[in-house]
Amino acid sequence: MVESVRVATTDWEYLVVSVGYPGPVEGNSILVEPKNLGRGWVGFDFAKAFGRPVKVVNDAAMQAIGSYDGDEMLFLGLGTGLGSALITHGALQPFELAHLPYNKGRTYEDYLGKRGLEKRGKKRWRKKVFEIVPAFCKAFQVDYVVLGGGNVKLLDELPENTRRGGNELAFEGGFRLWDPDSAIRVD
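Residues numbered from 1 in each chain as written. Predicted model: local features only at pLDDT ≥ 70, side-chain atom pairs only at ≥ 80, totals over all residues. Heavy atoms only, no water.

Colleague: Explanation requested: the pairing of strand β7 (residues 91-95) in the structure shown.
Modeller: On a regular strand, each side chain points to the face opposite its neighbour's, so the side chains alternate between the two faces of the sheet. As defined by bridge partners, strand β6 (residues 82-88) adjoins β7 across five bridges and the pair is classed as antiparallel. What sits directly across from Ser 84, in β7, is Phe 95. Hairpin connection, β6 to β7: the antiparallel pair is bridged by two residues, and His 89 has positive phi, about 50°. (Pairing = 2+ DSSP bridges. Helix = DSSP H or I, 4+ residues; strand = E, 2+ residues; numbered from the N terminus.)

Colleague: Looking at this model, I keep getting lost on the sheet that holds strand β5 (residues 73-78). Mind explaining?
Modeller: Each strand in a sheet pairs with its neighbour through backbone hydrogen bonds, running either in the same direction (parallel) or in the opposite one (antiparallel). Spatially, the five strands line up as an open sheet ordered β7-β6-β5-β10-β11, and their pairing is mixed. The outermost strands of the open sheet, each flanked by one partner alone, are β7 and β11 (162-164). Each strand axis lies, on average, 20° off the axis of its neighbour in the sheet, ignoring direction. The sheet contact formed by β5 and strand β10 (residues 144-148) spans five bridges and is parallel. Bridged to Phe 75 within β10 is Val 146. Packed onto the sheet, helix α3 (residues 59-67) meets β5, β6, β7, β10 and β11 and runs at close to 45° relative to β6. Of the strands in this sheet, β5, β6, β7, β10 and β11 are in contact with helix α5 (residues 114-140), which crosses β5 at around 155°. (Axes fitted to C-alpha atoms, helices over the stretch in contact; angles between N-to-C directions. Contact = heavy atoms within 4.5 Å.)

Colleague: When you look at the packing of aromatic side chains in this model, what are you seeing that I'm missing?
Modeller: Here the distance between the centres and the angle between the planes together describe a pair of aromatic rings. Throughout the structure, instances matching the rule amount to eight aromatic pairs. Their ring planes at 45° and their centres at 6.1 Å tell us that Trp 41 and Phe 46 sit as a pair that is tilted. Judged by relative accessible area, which is 14%, Trp 41 ranks as buried. Residue Phe 46 is classed as buried on the basis of its relative accessible area, which comes to 6%. Between Phe 44 and Phe 46, the aromatic rings sit 4.8 Å apart at their centres with planes inclined by 70°, giving edge-to-face as the arrangement. Three or more aromatic residues joined by ring pairs make a cluster, and in this case those are Phe 95, Tyr 102, Tyr 108, Tyr 111, Phe 136 and Phe 140. In this arrangement the basic side chain of Arg 52 is found over the ring face of Tyr 14, its NZ or CZ atom lying 4.5 Å from the centre. The lysine or arginine in question, Lys 55, covers the ring of Trp 178, its NZ or CZ lying 4.4 Å from the ring centre. (Phe/Tyr/Trp six-rings, centres within 6.5 Å; stacked < 30°, edge-to-face > 60°. Buried < 20%, exposed > 50% of the residue type's maximum accessible area, 1.4 Å probe, protein only. Lys NZ or Arg CZ within 6 Å of the ring centre and 35° of its normal.)

This is how it looks when you write it as structure tokens:
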């Protein structure tokens with residue numbers, strides 16, 4: 001991955017690198033190997049490989065940072081899995097809501113991720129989005145929810161207090177990670 005990025009950016013001038021990783025990250029370190037990517041992520045020295053300072057965060061957290069528009073926000077990424085992050089009082093908290101038990105021994109990801117969409121079809125998947133998203137909004141007491149990820153495009157309508165995000169907002173999140181004046185604290 002690093003070599004591909006370096007080749008694609010040979011004519012770019014950049015001082016720092018932001019990496020969004022699809023899994024748990026703490027203190028700029030990847031905690032577990034990903035389910036959907038090759039191995040070798042845990043313990044990898046990105047700063048050495050890129051020759052630049054690097055900040056690594058959960059990929060849903062990066063998109064949440066780019067989507068943030070003030071107040072209390074929950075981000076849910078409806079993609080291959082179910083990404084999640086909360087921004088409250090200016091502090092970012094990535095979550096692993098995807099793996100929490102939800103119904104009949106299945107997780108939230110089994111209903112809202114790609115597997116749920118494929119197993120239940122678009123109509124039943126949408127119904128679950130309209131059931132689960134408002135419940136999360138109420139449980140986390142947020143002002144609004146941003147739905148991102150590739151499958152958000154399958155929603156013609158959105159639940160109340162919800163707005164559509166986009167994968168391109170991860171780029172904005174990557175820039176905001178390095179902004180010393182950002183309203184968001186990333187620990």
